[in-house]
Amino acid sequence: MRPFLLSRDTFHILVALADCDRHGYSIMQEVGERTNGAVRLSPSTLYSAIKRLLEAGYIAELEERPDPAHDDERRRYYRLTKTGRRAAIEEARQWEKLLSDARSSGLAPKRV
Amino acid sequence: MPRPNRKEAGAVQLYRGLLLAYPAAFRDEYGRELCLVFADRCREAESAGYKLLIFAEAVWGILREAPREHIHMILQDLRHALRILRRDRAATAVILLIMALGIGSSTVVFSLANGLLLRPLPYPRQDRIVAVDEYSPKDPNEKGDISFLNYRDYRARTQLLEDVGVYQEGEITILREAGAERLWATVATDGVFRALGVAPILGRTFTREDCYPTAPRIALIGENLWRRDYGADPNIVGKVLERPGARFTIVGVMPAGFRFGDRAEVWLPLKQDPAKSVRTD
(Lines give C-alpha, C1' and ligand atoms only; values in the text may rest on other atoms or scores of the structure.)
Protein backbone atom coordinates (compact mmCIF):
# COMPACT_ATOMS: atom_id res chain seq x y z
CA MET A 1 0.00 0.00 0.00
CA ARG A 2 1.45 3.39 -0.97
CA PRO A 3 1.72 6.04 1.73
CA PHE A 4 -0.94 8.74 2.03
CA LEU A 5 -0.11 11.73 -0.16
CA LEU A 6 -2.32 14.33 1.46
CA SER A 7 -2.27 15.67 4.99
CA ARG A 8 -5.43 15.31 7.05
CA ASP A 9 -6.33 19.02 6.73
CA THR A 10 -5.67 19.04 2.99
CA PHE A 11 -7.88 16.00 2.46
CA HIS A 12 -10.68 17.65 4.46
CA ILE A 13 -10.45 20.73 2.23
CA LEU A 14 -10.70 18.62 -0.94
CA VAL A 15 -13.71 16.77 0.51
CA ALA A 16 -15.37 20.10 1.36
CA LEU A 17 -14.90 21.26 -2.25
CA ALA A 18 -16.11 17.97 -3.77
CA ASP A 19 -19.76 18.94 -4.09
CA CYS A 20 -19.62 22.71 -4.65
CA ASP A 21 -17.33 25.70 -5.06
CA ARG A 22 -16.61 27.52 -1.83
CA HIS A 23 -14.72 30.48 -0.37
CA GLY A 24 -12.31 30.09 2.53
CA TYR A 25 -14.70 30.67 5.39
CA SER A 26 -17.28 28.36 3.82
CA ILE A 27 -14.60 25.61 3.61
CA MET A 28 -13.86 26.05 7.32
CA GLN A 29 -17.54 25.86 8.21
CA GLU A 30 -18.08 22.79 6.02
CA VAL A 31 -15.12 20.96 7.56
CA GLY A 32 -16.34 21.85 11.06
CA GLU A 33 -19.87 20.62 10.32
CA ARG A 34 -18.78 17.39 8.63
CA THR A 35 -16.59 16.49 11.59
CA ASN A 36 -18.96 17.79 14.28
CA GLY A 37 -16.34 20.34 15.30
CA ALA A 38 -13.60 17.72 15.76
CA VAL A 39 -11.46 19.35 13.04
CA ARG A 40 -11.05 23.10 13.46
CA LEU A 41 -8.95 24.74 10.78
CA SER A 42 -7.32 28.03 11.74
CA PRO A 43 -7.21 30.70 9.01
CA SER A 44 -3.44 30.20 8.72
CA THR A 45 -3.71 26.44 8.28
CA LEU A 46 -6.48 26.88 5.74
CA TYR A 47 -4.68 29.36 3.52
CA SER A 48 -1.31 27.59 3.71
CA ALA A 49 -3.09 24.44 2.51
CA ILE A 50 -4.98 26.38 -0.18
CA LYS A 51 -1.71 27.81 -1.46
CA ARG A 52 -0.15 24.32 -1.74
CA LEU A 53 -3.28 22.94 -3.42
CA LEU A 54 -3.27 25.79 -5.96
CA GLU A 55 0.43 25.17 -6.69
CA ALA A 56 -0.23 21.45 -7.15
CA GLY A 57 -3.17 22.16 -9.45
CA TYR A 58 -5.60 20.30 -7.18
CA ILE A 59 -7.87 23.32 -6.84
CA ALA A 60 -8.36 26.46 -8.94
CA GLU A 61 -9.49 29.97 -8.08
CA LEU A 62 -12.70 30.95 -9.86
CA GLU A 63 -12.91 33.97 -12.14
CA GLU A 64 -16.71 34.22 -11.88
CA ARG A 65 -18.66 34.46 -8.62
CA PRO A 66 -21.20 31.67 -7.95
CA ASP A 67 -23.83 33.95 -6.42
CA PRO A 68 -22.94 37.62 -7.00
CA ALA A 69 -26.21 38.91 -5.56
CA HIS A 70 -25.60 37.47 -2.07
CA ASP A 71 -21.88 37.70 -1.90
CA ASP A 72 -18.99 39.70 -0.50
CA GLU A 73 -16.98 40.61 -3.58
CA ARG A 74 -13.73 40.57 -1.59
CA ARG A 75 -13.95 36.79 -1.17
CA ARG A 76 -12.21 34.32 -3.43
CA TYR A 77 -13.90 31.09 -4.48
CA TYR A 78 -12.13 27.80 -5.08
CA ARG A 79 -13.08 24.76 -7.17
CA LEU A 80 -11.78 21.19 -7.14
CA THR A 81 -9.98 20.43 -10.43
CA LYS A 82 -9.97 17.07 -12.23
CA THR A 83 -6.45 16.40 -10.92
CA GLY A 84 -7.54 17.28 -7.41
CA ARG A 85 -10.60 15.05 -7.67
CA ARG A 86 -8.45 12.11 -8.86
CA ALA A 87 -6.03 12.68 -5.97
CA ALA A 88 -8.90 12.86 -3.46
CA ILE A 89 -10.48 9.67 -4.86
CA GLU A 90 -7.16 7.87 -4.64
CA GLU A 91 -6.68 9.09 -1.10
CA ALA A 92 -10.21 7.97 -0.17
CA ARG A 93 -9.39 4.51 -1.56
CA GLN A 94 -6.35 4.35 0.67
CA TRP A 95 -8.46 5.25 3.69
CA GLU A 96 -11.08 2.71 2.61
CA LYS A 97 -8.41 0.01 2.37
CA LEU A 98 -6.99 0.97 5.76
CA LEU A 99 -10.44 0.95 7.32
CA SER A 100 -11.21 -2.41 5.73
CA ASP A 101 -7.97 -3.83 7.20
CA ALA A 102 -8.88 -2.37 10.60
CA ARG A 103 -12.34 -3.98 10.38
CA SER A 104 -10.98 -7.38 9.50
CA SER A 105 -8.52 -7.08 12.40
CA GLY A 106 -11.32 -6.18 14.79
CA LEU A 107 -9.98 -2.67 15.37
CA ALA A 108 -13.06 -1.04 13.82
CA PRO A 109 -16.73 -2.09 14.02
CA LYS A 110 -18.09 -4.21 11.10
CA ARG A 111 -20.38 -2.47 8.63
CA VAL A 112 -24.10 -2.69 9.51
CA MET B 1 -22.44 42.02 5.78
CA PRO B 2 -22.72 43.36 9.39
CA ARG B 3 -20.11 45.84 10.53
CA PRO B 4 -17.76 44.48 13.26
CA ASN B 5 -18.01 46.09 16.70
CA ARG B 6 -15.05 47.98 18.17
CA LYS B 7 -13.62 44.98 20.05
CA GLU B 8 -13.79 42.78 16.94
CA ALA B 9 -12.21 45.52 14.84
CA GLY B 10 -9.40 45.78 17.40
CA ALA B 11 -8.84 42.01 17.33
CA VAL B 12 -8.73 42.03 13.51
CA GLN B 13 -6.26 44.91 13.62
CA LEU B 14 -4.05 42.95 16.01
CA TYR B 15 -4.37 39.84 13.85
CA ARG B 16 -3.34 41.86 10.78
CA GLY B 17 -0.24 42.97 12.67
CA LEU B 18 0.64 39.37 13.52
CA LEU B 19 0.50 38.50 9.82
CA LEU B 20 3.81 40.38 9.50
CA ALA B 21 5.39 37.08 10.57
CA TYR B 22 4.58 35.73 7.09
CA PRO B 23 6.71 36.31 3.99
CA ALA B 24 5.58 39.50 2.23
CA ALA B 25 4.53 37.61 -0.90
CA PHE B 26 2.19 35.33 1.07
CA ARG B 27 0.82 38.30 3.00
CA ASP B 28 0.11 40.23 -0.18
CA GLU B 29 -1.67 37.26 -1.71
CA TYR B 30 -3.71 35.99 1.24
CA GLY B 31 -3.52 38.66 3.96
CA ARG B 32 -6.91 40.18 3.18
CA GLU B 33 -8.59 36.75 2.99
CA LEU B 34 -7.03 35.69 6.29
CA CYS B 35 -8.37 38.82 8.00
CA LEU B 36 -11.83 38.32 6.46
CA VAL B 37 -12.02 34.71 7.68
CA PHE B 38 -10.74 35.69 11.11
CA ALA B 39 -13.36 38.47 11.36
CA ASP B 40 -16.09 35.97 10.29
CA ARG B 41 -15.07 33.57 13.02
CA CYS B 42 -14.99 36.32 15.67
CA ARG B 43 -18.48 37.45 14.64
CA GLU B 44 -19.75 33.91 14.81
CA ALA B 45 -18.52 33.42 18.39
CA GLU B 46 -21.24 33.94 20.97
CA SER B 47 -19.32 34.23 24.23
CA ALA B 48 -16.21 36.15 25.23
CA GLY B 49 -14.49 32.88 26.15
CA TYR B 50 -15.13 31.44 22.69
CA LYS B 51 -13.81 34.64 21.08
CA LEU B 52 -10.66 34.27 23.15
CA LEU B 53 -10.29 30.65 22.03
CA ILE B 54 -10.66 31.68 18.39
CA PHE B 55 -8.00 34.36 18.83
CA ALA B 56 -5.62 31.90 20.53
CA GLU B 57 -6.17 29.37 17.72
CA ALA B 58 -5.50 32.04 15.13
CA VAL B 59 -2.26 33.15 16.83
CA TRP B 60 -1.10 29.55 17.22
CA GLY B 61 -1.87 28.98 13.53
CA ILE B 62 0.36 31.92 12.54
CA LEU B 63 3.20 30.77 14.82
CA ARG B 64 3.04 27.29 13.27
CA GLU B 65 2.50 28.16 9.63
CA ALA B 66 4.57 31.33 9.12
CA PRO B 67 7.99 29.62 9.58
CA ARG B 68 6.88 26.78 7.28
CA GLU B 69 5.88 29.33 4.67
CA HIS B 70 9.32 30.99 4.88
CA ILE B 71 11.04 27.62 4.42
CA HIS B 72 8.69 26.71 1.58
CA MET B 73 9.47 29.96 -0.25
CA ILE B 74 13.22 29.59 0.23
CA LEU B 75 13.10 26.04 -1.17
CA GLN B 76 10.96 27.23 -4.05
CA ASP B 77 13.49 29.97 -4.86
CA LEU B 78 16.37 27.48 -4.67
CA ARG B 79 14.60 25.06 -7.02
CA HIS B 80 13.93 27.93 -9.43
CA ALA B 81 17.58 29.04 -9.27
CA LEU B 82 18.80 25.47 -9.88
CA ARG B 83 16.52 25.13 -12.90
CA ILE B 84 17.93 28.34 -14.40
CA LEU B 85 21.52 27.28 -13.64
CA ARG B 86 20.97 23.90 -15.30
CA ARG B 87 19.49 25.53 -18.37
CA ASP B 88 22.33 28.02 -18.93
CA ARG B 89 25.64 26.22 -18.43
CA ALA B 90 27.83 29.14 -19.61
CA ALA B 91 26.24 31.58 -17.15
CA THR B 92 26.59 28.96 -14.40
CA ALA B 93 30.31 28.58 -15.16
CA VAL B 94 30.81 32.38 -15.02
CA ILE B 95 28.87 32.61 -11.73
CA LEU B 96 30.91 29.78 -10.20
CA LEU B 97 34.15 31.37 -11.37
CA ILE B 98 33.20 34.75 -9.89
CA MET B 99 32.16 33.08 -6.64
CA ALA B 100 35.39 31.08 -6.49
CA LEU B 101 37.46 34.23 -7.06
CA GLY B 102 35.45 36.15 -4.48
CA ILE B 103 35.68 33.42 -1.85
CA GLY B 104 39.37 32.82 -2.61
CA SER B 105 40.36 36.47 -2.36
CA SER B 106 38.28 36.96 0.81
CA THR B 107 39.99 33.94 2.36
CA VAL B 108 43.44 35.27 1.49
CA VAL B 109 42.67 38.73 2.90
CA PHE B 110 41.19 37.23 6.06
CA SER B 111 44.14 34.86 6.51
CA LEU B 112 46.54 37.80 6.27
CA ALA B 113 44.48 40.00 8.59
CA ASN B 114 44.05 37.11 11.03
CA GLY B 115 47.76 36.27 11.03
CA LEU B 116 49.00 39.85 11.23
CA LEU B 117 46.33 41.66 13.25
CA LEU B 118 43.90 39.36 15.02
CA ARG B 119 45.53 36.09 16.09
CA PRO B 120 47.66 36.42 19.22
CA LEU B 121 51.33 35.46 19.03
CA PRO B 122 51.97 31.85 20.16
CA TYR B 123 53.86 32.91 23.28
CA PRO B 124 52.67 32.87 26.90
CA ARG B 125 53.19 36.61 27.50
CA GLN B 126 52.43 37.75 23.96
CA ASP B 127 50.86 41.03 25.14
CA ARG B 128 54.18 42.09 26.72
CA ILE B 129 56.46 41.38 23.76
CA VAL B 130 57.60 44.28 21.59
CA ALA B 131 59.75 44.45 18.48
CA VAL B 132 62.57 47.01 18.55
CA ASP B 133 63.83 48.56 15.33
CA GLU B 134 66.41 51.19 14.57
CA TYR B 135 65.77 54.03 12.16
CA SER B 136 68.33 56.40 10.71
CA PRO B 137 68.29 59.87 12.35
CA LYS B 138 69.04 61.29 8.91
CA ASP B 139 66.11 59.58 7.23
CA PRO B 140 63.26 58.34 9.46
CA ASN B 141 62.08 56.02 6.66
CA GLU B 142 65.38 54.17 6.54
CA LYS B 143 65.27 51.11 8.78
CA GLY B 144 68.45 49.17 9.56
CA ASP B 145 69.55 46.08 11.48
CA ILE B 146 70.56 46.59 15.10
CA SER B 147 74.29 46.28 15.54
CA PHE B 148 75.67 43.95 18.21
CA LEU B 149 77.16 46.84 20.19
CA ASN B 150 73.87 48.74 20.20
CA TYR B 151 72.13 45.56 21.37
CA ARG B 152 74.55 45.27 24.28
CA ASP B 153 73.83 48.89 25.22
CA TYR B 154 70.05 48.37 25.11
CA ARG B 155 70.41 45.29 27.25
CA ALA B 156 72.61 47.06 29.80
CA ARG B 157 70.68 50.32 30.06
CA THR B 158 67.03 49.55 29.50
CA GLN B 159 64.66 50.19 32.39
CA LEU B 160 61.56 49.60 30.30
CA LEU B 161 62.23 46.07 29.02
CA GLU B 162 62.74 42.97 31.18
CA ASP B 163 65.01 41.34 28.63
CA VAL B 164 66.37 42.04 25.18
CA GLY B 165 67.40 39.59 22.46
CA VAL B 166 68.52 39.76 18.87
CA TYR B 167 68.31 37.15 16.16
CA GLN B 168 68.98 36.48 12.52
CA GLU B 169 67.49 33.88 10.21
CA GLY B 170 69.20 31.88 7.51
CA GLU B 171 69.83 28.46 6.05
CA ILE B 172 72.47 26.01 7.26
CA THR B 173 73.74 22.63 6.14
CA ILE B 174 73.83 19.71 8.53
CA LEU B 175 75.49 16.38 7.87
CA ARG B 176 73.56 13.18 8.50
CA GLU B 177 74.42 9.55 7.83
CA ALA B 178 72.10 9.68 4.84
CA GLY B 179 73.83 12.82 3.50
CA ALA B 180 73.76 16.59 3.79
CA GLU B 181 70.54 18.41 4.54
CA ARG B 182 69.66 22.11 4.20
CA LEU B 183 67.61 23.48 7.09
CA TRP B 184 66.29 26.84 8.18
CA ALA B 185 67.97 28.06 11.34
CA THR B 186 67.81 31.07 13.64
CA VAL B 187 70.88 32.43 15.33
CA ALA B 188 69.69 34.09 18.54
CA THR B 189 70.93 35.48 21.83
CA ASP B 190 69.81 34.06 25.17
CA GLY B 191 67.40 36.95 25.79
CA VAL B 192 65.18 35.85 22.90
CA PHE B 193 64.14 32.65 24.71
CA ARG B 194 63.56 34.40 28.03
CA ALA B 195 61.50 37.16 26.36
CA LEU B 196 59.34 34.65 24.46
CA GLY B 197 58.91 32.48 27.56
CA VAL B 198 58.65 29.14 25.75
CA ALA B 199 60.17 26.17 27.57
CA PRO B 200 61.89 23.30 25.70
CA ILE B 201 60.29 19.84 25.84
CA LEU B 202 63.74 18.39 26.51
CA GLY B 203 66.94 19.96 27.88
CA ARG B 204 67.41 23.72 28.16
CA THR B 205 67.59 26.92 26.12
CA PHE B 206 70.60 29.27 25.86
CA THR B 207 72.30 31.04 28.76
CA ARG B 208 74.29 34.27 28.62
CA GLU B 209 77.50 32.20 28.79
CA ASP B 210 76.47 30.19 25.71
CA CYS B 211 76.69 33.43 23.71
CA TYR B 212 80.29 34.23 24.64
CA PRO B 213 82.62 33.93 21.63
CA THR B 214 84.68 31.27 23.38
CA ALA B 215 81.71 29.18 24.57
CA PRO B 216 81.37 25.57 23.32
CA ARG B 217 79.27 25.04 20.20
CA ILE B 218 75.74 24.06 21.09
CA ALA B 219 72.37 23.86 19.29
CA LEU B 220 68.66 23.57 19.97
CA ILE B 221 66.56 21.54 17.56
CA GLY B 222 62.81 21.61 16.85
CA GLU B 223 60.44 18.79 17.81
CA ASN B 224 59.64 17.98 14.17
CA LEU B 225 63.33 17.56 13.30
CA TRP B 226 63.83 15.52 16.51
CA ARG B 227 61.05 13.11 15.51
CA ARG B 228 61.94 13.02 11.81
CA ASP B 229 65.72 12.63 11.93
CA TYR B 230 66.38 11.34 15.43
CA GLY B 231 63.38 9.01 15.92
CA ALA B 232 62.25 11.05 18.96
CA ASP B 233 65.31 9.82 20.85
CA PRO B 234 64.67 10.67 24.56
CA ASN B 235 68.44 10.80 25.11
CA ILE B 236 69.04 13.37 22.38
CA VAL B 237 70.52 15.94 24.79
CA GLY B 238 74.31 15.70 24.58
CA LYS B 239 74.34 14.17 21.09
CA VAL B 240 76.03 15.86 18.17
CA LEU B 241 74.62 17.93 15.33
CA GLU B 242 77.28 18.05 12.64
CA ARG B 243 77.82 20.87 10.20
CA PRO B 244 80.60 21.04 7.61
CA GLY B 245 83.72 21.71 9.65
CA ALA B 246 81.97 22.02 13.01
CA ARG B 247 80.18 19.85 15.57
CA PHE B 248 77.44 21.20 17.84
CA THR B 249 76.18 19.58 21.02
CA ILE B 250 72.39 19.42 21.17
CA VAL B 251 71.25 20.94 24.47
CA GLY B 252 67.48 20.88 24.04
CA VAL B 253 64.37 20.30 21.89
CA MET B 254 61.84 23.09 21.30
CA PRO B 255 58.13 22.19 20.99
CA ALA B 256 56.58 21.88 17.51
CA GLY B 257 54.45 25.01 18.01
CA PHE B 258 57.50 27.18 18.64
CA ARG B 259 58.20 29.12 15.45
CA PHE B 260 60.99 31.65 15.59
CA GLY B 261 61.61 32.43 12.68
CA ASP B 262 58.80 30.96 10.78
CA ARG B 263 60.61 27.99 9.24
CA ALA B 264 63.49 27.45 11.69
CA GLU B 265 64.20 23.90 12.88
CA VAL B 266 67.58 24.64 14.47
CA TRP B 267 68.62 27.45 16.82
CA LEU B 268 72.23 28.41 17.42
CA PRO B 269 73.62 30.93 19.95
CA LEU B 270 74.49 34.29 18.42
CA LYS B 271 78.13 34.85 19.31
CA GLN B 272 79.95 38.01 18.52
CA ASP B 273 83.12 39.51 19.89
CA PRO B 274 82.37 43.14 20.89
CA ALA B 275 85.89 44.14 19.99
CA LYS B 276 85.30 43.09 16.39
CA SER B 277 81.79 44.57 16.09
CA VAL B 278 80.84 47.76 14.30
CA ARG B 279 78.33 50.14 15.82
CA THR B 280 75.49 51.56 13.75
CA ASP B 281 74.51 55.25 14.08
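Check the entry above for the structure.
Quick caveat: nothing in here was measured; it's all calculated off a predicted structure.

Engineer: Sorry if this is basic, but what is going on with the pairing of strand S8 (residues 246–254) of chain B here?
Structural biologist: Looking along a regular strand, one sees the side chains alternate between the two faces of the sheet. All names here are of chain B. Taken across its 9 residues, S8 has 7 buried, putting it largely inside the fold. For strand S5 (residues 202–203) and S8, the ladder comprises 2 bridges, and the chain directions are antiparallel. Paired with Leu202 across the bridge in S8 is Val253. Bridge count between strand S6 (residues 218–222) and S8: 5 bridges; the pairing is parallel. The residue of S8 that forms the bridge with Leu220 is Gly252. Of the pairings in the sheet, the one linking strand S7 (residues 240–243) to S8 comprises 4 bridges and is antiparallel in character.

Engineer: Explanation requested: helix H4 (residues 82–104) of chain A in the structure shown.
Structural biologist: For the α-helix, the turn length of 3.6 residues means that residues three or four positions removed from each other point alike. Residue and element names in this part refer to chain A. Between its first and last C-alpha atoms H4 spans 33 Å; for 23 residues at 1.5 Å apiece the expected length is 33 Å, and the two agree. Taken together, the buried positions of H4 are occupied by Gly84, Ala87, Ala88, Glu91, Gln94, Ala102 and Arg103. On its buried side, H4 packs onto helix H1 (8–16) and strand S3 (77–80). Trailing H4 by a residue or two, Gly106 shows a phi angle of about 80°, which is positive.

Engineer: Hey, could you run me through the pattern of salt bridges in this one?
Structural biologist: Here the idea is simple: oppositely charged side chains can pair when their charged atoms come close. With the rule as written, the count across this model stands at 34 salt bridges over all chains. One network of salt bridges, with partners in common, ties together Arg176, Glu181, Arg228, Asp229 and Glu265 of chain B.

Engineer: Hey, could you run me through the nonpolar core in this one?
Structural biologist: Where a protein is soluble and globular, its nonpolar side chains tend to be buried together. Ile27 and Tyr47 of chain A are the most contacted members of the largest nonpolar core, which has 42 residues in total. For this core, the secondary structure elements donating two or more residues are H1, helix H2 (24–34), helix H3 (43–56), S3 and H4 of chain A together with helix H1 (6–18), helix H2 (24–44) and helix H3 (48–87) of chain B. Among all residues touching Ile27 of chain A, those that are not within four sequence positions of it are Ile13, Ala16, Leu17, Arg22, Leu46, Ile50 and Tyr78 of chain A. Core analysis: the next-biggest nonpolar cluster, separate from the first, contains 17 residues, Trp226, Tyr230, Leu241 and Ala246 of chain B among them.

Engineer: How should I be thinking about the sheet that holds S3 of chain A in this particular structure?
Structural biologist: In a beta sheet, neighbouring strands pair by backbone hydrogen bonds and run either parallel or antiparallel. In space, the 3 strands of this open sheet follow the order S1-S3-S2 (chain A), with antiparallel pairing throughout. Each edge of the sheet is formed by a strand with only one pairing partner; in this case those strands are strand S1 (22–23) and strand S2 (59–61) of chain A.

How each quantity is defined
Residues numbered from 1 in each chain as written. Chains lettered and ligands numbered in written order. Predicted model: local features only at pLDDT ≥ 70, side-chain atom pairs only at ≥ 80, totals over all residues. Heavy atoms only, no water. Buried < 20%, exposed > 50% of the residue type's maximum accessible area, 1.4 Å probe, protein only. Helix = DSSP H or I, 4+ residues; strand = E, 2+ residues; numbered from the N terminus. Pairing = 2+ DSSP bridges. Expected span 1.5 Å × (residues − 1). Contact = heavy atoms within 4.5 Å. Salt bridge = Lys/Arg side-chain N within 4 Å of Asp/Glu carboxyl O. Core = buried A, V, L, I, M, F, W, Y, C linked by side-chain atoms within 4.5 Å.

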